[in-house]
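# Tertiary structure, described
These are the residues of each chain, in order.
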Amino acid sequence: MKTSLPYIAGAVLLASVPFIGVPPYWLHIMIVILIWSFAYTGWSVMGRFGLVSLGHGAFMGIGAYGTALLWNHAGLTPWIGIPVAMVLAGAFALLIGYPCFKYRIVGHYFALVTLALSEIVRQVLVATRDHTGGSLGYTPNPHGGEGFSIYALQFPEKEHFYLIALGVWIVGLFIWRAVDRSMARYALEAISEDEDASAAVGVQVTKEKLKITVLSAVMTAFAGAMYCQYQLFVSPDTVSGILVSLYIVFAVVAGGIYTQFGPTVGAIITIVLAEVLRIKIADLEMILGFKPAGLDNTIYGIMLVLFIIFLPKGVLGTWLDRRARKAG
């Protein structure tokens, strides 16, 4: 009970944020951090066992666009549209994962297959512009002109969505913890070390890898749907494609892939960094007279290389390791 008190106190403190007069801009940043933290947690659930996917931008795009399209064209409330989009993302994960795991497409080859999936989804969203808006983006229709709608999951005040995002983030932490404490964890760790030896002792390699892949895909699709419902606007470049997939990997690596709160720390680092870069690049554009295209992506790439070399366990993972060594 004592060990859970800090978590309860932290949850209560975070839940009180909308009621203590936090400025709208910072509340917006916190909501985005919470939503992306859930997406990053979904990736780390899979990535921590050596299943490096570069295709989670595809699942995020399916969740976001699937929910919005079902609402606009079929009139399905997000309460139904989100589960449908999650099932669709899970089906895509099975479609890609089964042949890869069945025929031992692992490591770099698996990463390349998922990378292709991510870009295929982005290209499909761009190409079907008559339905998705193409590269210009897509906006879910407002519900009857109303600002507040539980049916449509549309809220004019950020305080409402902050509490929803906080609940989603907490659920993500519980899922990570449940996987970490399950017997599947030991099977997946054994598989990541040696698939042949794991199969020899009775581990169903393909089944275990598919289970964790589908769970990861479904979580990422849910994050995409939440992001769409919050922003009420999505575009192929913000929720799908190679860059989104790489941002997910970078955030988890930066925060700590093997720790429960690592993806959250990674979300704080990357989103705050993105805001700082947005402001600084705008200032630099005014000075130079032109926009330095690709500067932010270059910085992300350099930082990813530095983290992999010097902090392979991420900021939080490295700090916890040093703390444990000092205690020992």
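Right, let's walk through the structure included here.

Parameters and conventions
Residues numbered from 1 in each chain as written. Predicted model: local features only at pLDDT ≥ 70, side-chain atom pairs only at ≥ 80, totals over all residues. Heavy atoms only, no water. Salt bridge = Lys/Arg side-chain N within 4 Å of Asp/Glu carboxyl O. Helix = DSSP H or I, 4+ residues; strand = E, 2+ residues; numbered from the N terminus. Buried < 20%, exposed > 50% of the residue type's maximum accessible area, 1.4 Å probe, protein only. Core = buried A, V, L, I, M, F, W, Y, C linked by side-chain atoms within 4.5 Å. Contact = heavy atoms within 4.5 Å. Axes fitted to C-alpha atoms, helices over the stretch in contact; angles between N-to-C directions. Parallel < 35°, antiparallel > 145°, perpendicular 65-115°, else oblique. Left-handed = near helix turned anticlockwise from the far one by under 90°. Nonpolar A, V, L, I, M, F, W, Y, C, P; charged D, E, K, R; others polar.

## Some thoughts on the pattern of salt bridges
Under the counting rule described, the total for this entry stands at 11 salt bridges. D237 is the salt-bridge partner of R122, the closest N and O atoms lying 3.2 Å from each other. Taken as a pair, R122 in helix α5 (residues 108-127) and D237 in helix α11 (residues 236-239) lie far apart in primary sequence, 115 residues in all. Judged by its relative accessible area of 18%, R122 falls in the buried class. D237 gets classed as exposed once you look at its relative accessible area, which sits at 51%. Among the ionic pairs, D180 bridges to R185, the shortest N-O distance being 3.5 Å. Through salt bridges that share partners, R48, D180, R185 and E189 make up one connected network.

## Some words on the nonpolar core
By size, the foremost hydrophobic cluster in this structure holds 79 residues, and its most contacted members are I35, W36 and V234. Sorting elements by how many residues they give to this core places helix α2 (residues 24-47) first, with 14 residues. Residues within four places of I35 in sequence aside, it is in contact with F161, A165, A223, M226, Y227 and Y230.

## Quick look at the packing of helix α1 (residues 5-15) against helix α7 (residues 158-180)
Close contact between α1 and α7 brings their axes to 10 Å; oriented N to C, the two are set at 160 degrees. Considering the angle they form, α1 stands roughly antiparallel to α7. When you trace α1 past α7, the crossing you get is right-handed. Packed against α1, whose contacting residues are A11, L14 and A15, the element α7 presents Y162, L163, L166, W169 and I170 at the interface. Its residues assigned to classes, the contact of α1 with α7 shows eight nonpolar, no polar and no charged.

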